[in-house]
Amino acid sequence: MASRNRTSFIETLYDYVTGDEDSRVCKDIPDGACNDQPRNFFSYLAANLLGKVADEITSAKLTIPWLFGLLDVPAIFTGFLVPIREGGVLLPQLVVAAVIRRVSIRKTVWLVGSALAALSLFGMAYIVLSFDGAEAGSAIIAMLVLFSLSRGICSVSAKDVLGKTISKSRRGALMGWSASLSGVVILAIGLLLVKVDFSEYGVRVFAGLLAIGGVLWILASVIFASIQEQPGETEGGGNAFTVAVQHFQTIKTDICFRSFVIARGLLLSVGLAPPFYALIAQAHSDSGLLGLSALLIANGIAGGLSAPVWGYMGDQSSKRVMMVAATGAGLLGIFTFFAVSNDISWAISEIGLASMFLVLNVMHGGVRLGRKVYLVDMATADNRAAYVALSNTIIGVLMLLGGLTGLISDLLGSHVTVGLLGLVSLAAVFYIKFLPNVSEPT
């Protein structure tokens, strides 16, 4: 009886959230998955939410750079945090896609990835309490490599599970709820950290955040395991890496695509900047975790503020979105350089730096959305897979090379790195101006 009541409640809540009411939408998923869709919707939502929160509180662009500053880790290590985190997620996707295709129940692959993610975060927590300096930096980087590879495994398999269990017209609602709820949770965590006495707990706070991240991944795996997934095909399907190799000549023959890849490479300057803003904020924070919590709050607000605006603009012109966002990031980088160089107190206060971090994340969101929409609009059904696979491969390699920006920070300071990245962002704007406009506004 209790089980029946619980099922009825889940279905009612699902109808309310998705707006199905009288009719249950069931498109592009196996017939056997239709009855399980309400339960799968919330299982996927909860697991995805926990993963997002774990990613944010152990962020390679904020939490770990701040921790590196406390542990006196050389800035060269900080420069590789975002490239390894992002490139490490991207590159394995190109290799494991064919392997996943051979597994009929794809959630199993996700569970393996989540277990490895938890293990790597627990490893980081131990390292934080046991080492410092370059030794801590190299050990955490090694764990971050494992974490990124595991997240790549999760990313590929999660998309497959989503496509098999949730109707096409309901996936956007699921991801929207996940993003909104995770933003609320991150804001709450940021507010809680304001009350923590940093002088008393020091790096133990960060060890705790990393350990909590590991626990969240374990909880996510328990919930994800409850998804009722129908066995899928284990034959056919292409390996994205193979597709990329087969179509590598495209970069030479397709001028529009080559120009897009160059533009996307220049736009990496926006994605590489956040860790150095975190180092600047850490250096100018007088009250420890207040500075970190302010950046966490700013990061949480940024996503909620920017997504609707960039989405609307992207429907009109994805090229303009990239230009506007890169311009904002570039000018912000140059301003930050002058603010730190000239010790402008209001700008380098905790609130001032948090505001700049918020703006940076808004601009980064615009760059990400703009280049994704531009690629989709530029491609056709015949070449889209090749474009995505090839551009991801090239950008993944460039991103790893971008980790060398940490050398500049070691030699000249984080503010100089931010300023130079800002100049590259403005160069990207100038280059993107000459790209063809591929959007078709209504």
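Residues numbered from 1 in each chain as written. Predicted model: local features only at pLDDT ≥ 70, side-chain atom pairs only at ≥ 80, totals over all residues. Heavy atoms only, no water.

A. Just the overall build of the chain, in detail. Counting secondary structure elements, the chain contains 20 helices and zero strands. Taken over 442 residues, the chain has a buried fraction of 53%. The contacts of the chain with a sequence gap of at least 6 include a subset with a gap of at least 24, amounting to 86%. Total accessible area computed for the chain in this model is approximately 19,400 Å², and 64% of it derives from carbon and sulfur atoms. (Helix = DSSP H or I, 4+ residues; strand = E, 2+ residues; numbered from the N terminus. Buried < 20%, exposed > 50% of the residue type's maximum accessible area, 1.4 Å probe, protein only. Contact = heavy atoms within 4.5 Å. Areas by Shrake-Rupley, 256 points an atom, 1.4 Å probe, with all protein chains shown as cover.)

B. Main features of the pattern of salt bridges. One pass over the full model with this rule turns up two salt bridges. A salt bridge links Asp55 to Arg85; its shortest N-O distance comes to 3.4 Å. One end of the pair, Asp55, is in helix H2 (residues 37-57); the other, Arg85, is in helix H5 (residues 81-101), with 30 residues separating them in the sequence. A salt bridge links Asp55 to Arg151; its shortest N-O distance comes to 2.8 Å. Residue Asp55 is found in helix H2, and its partner Arg151 is found in helix H7 (residues 133-165); the two are separated by 96 residues along the sequence. Classification of Arg151 as buried rests on a relative accessible area of 16%. Several salt bridges converge on common partners, so that one network encompasses Asp55, Arg85 and Arg151. (Salt bridge = Lys/Arg side-chain N within 4 Å of Asp/Glu carboxyl O.)

C. Geometry of a nonpolar patch on the surface. A grouping of Phe122, Val215, Ile218, Leu219 and Val222 is seen on the molecular surface, where their side chains present a nonpolar patch of about 410 Å² in accessible area. Here the nonpolar patch takes four residues from helix H10 (residues 203-224), the largest share from any one element. Relative to the elements of secondary structure, Leu219 occurs in helix H10. The exposure class of Leu219 is partly exposed, given its relative accessible area of 42%. (Patch = residues over 30% accessible without salt bridge, like charges linked within 9 Å, V, L, I, M, F, W, Y side chains within 5 Å.)

D. Examining the nonpolar core more closely. Ranked by internal contacts, the top residues of the largest apolar core, which has 109 residues, are Tyr44, Trp110, Met124, Ile140, Trp217 and Met378. Sort the elements by how many residues they give to this core and helix H17 (residues 350-378) lands first, with twelve residues. Apart from residues no more than four positions distant in its own chain, Trp110 is found in contact with Ala47, Cys154, Ser157, Ala158, Trp217, Ala220, Ser221 and Phe224. (Core = buried A, V, L, I, M, F, W, Y, C linked by side-chain atoms within 4.5 Å.)

E. Layout of the packing of H2 against H10. Two elements in contact, H2 and H10, have axes separated by 8 Å at closest approach and are oriented at 165 degrees. Considered as vectors, H2 and H10 are oriented roughly antiparallel to each other. Note on packing geometry: the crossing formed by H2 with H10 is left-handed. Touching Ser43, Tyr44, Ala46, Ala47, Leu50, Gly51, Val53, Ala54, Asp55 and Ile57 of H2 are Leu209, Ile212, Gly213, Leu216, Trp217, Leu219, Ala220, Ile223 and Phe224, all from H10. (Axes fitted to C-alpha atoms, helices over the stretch in contact; angles between N-to-C directions. Parallel < 35°, antiparallel > 145°, perpendicular 65-115°, else oblique. Left-handed = near helix turned anticlockwise from the far one by under 90°.)

F. Region of interest: the confidence of the model for the chain. Looking at the chain, pLDDT values average 81 and 77% of them are 70 or higher. At the level of individual helices and strands, the chain shows its lowest average pLDDT in helix H1 (residues 2-18), which scores 58, and its highest in helix H20 (residues 414-432), which scores 96. (pLDDT = per-residue confidence, 0-100.)

G. Inspection of the packing of aromatic side chains at higher detail. According to the stated counting rule, one finds eight aromatic pairs in the structure shown. With a centroid separation of 4.0 Å and an interplanar angle of 15 degrees, the aromatic rings of Trp110 and Phe224 are classed as stacked. On the criterion of sequence distance, the pair formed by Trp110 in helix H6 (residues 107-130) and Phe224 in helix H10 is long-range, its members being 114 residues apart. For the residue pair Trp110 and Phe224, the accessibility class agrees, reading buried in each case. (Phe/Tyr/Trp six-rings, centres within 6.5 Å; stacked < 30°, edge-to-face > 60°.)

H. Structural view of helix H16 (residues 318-341). Counted at 1.5 Å a residue, the expected span for H16 with its 24 residues is 34 Å, and the 35 Å between its end C-alpha atoms agrees. Of the residues trailing H16, Asp343 is marked for its positive phi of about 50 degrees. (Expected span 1.5 Å × (residues − 1).)

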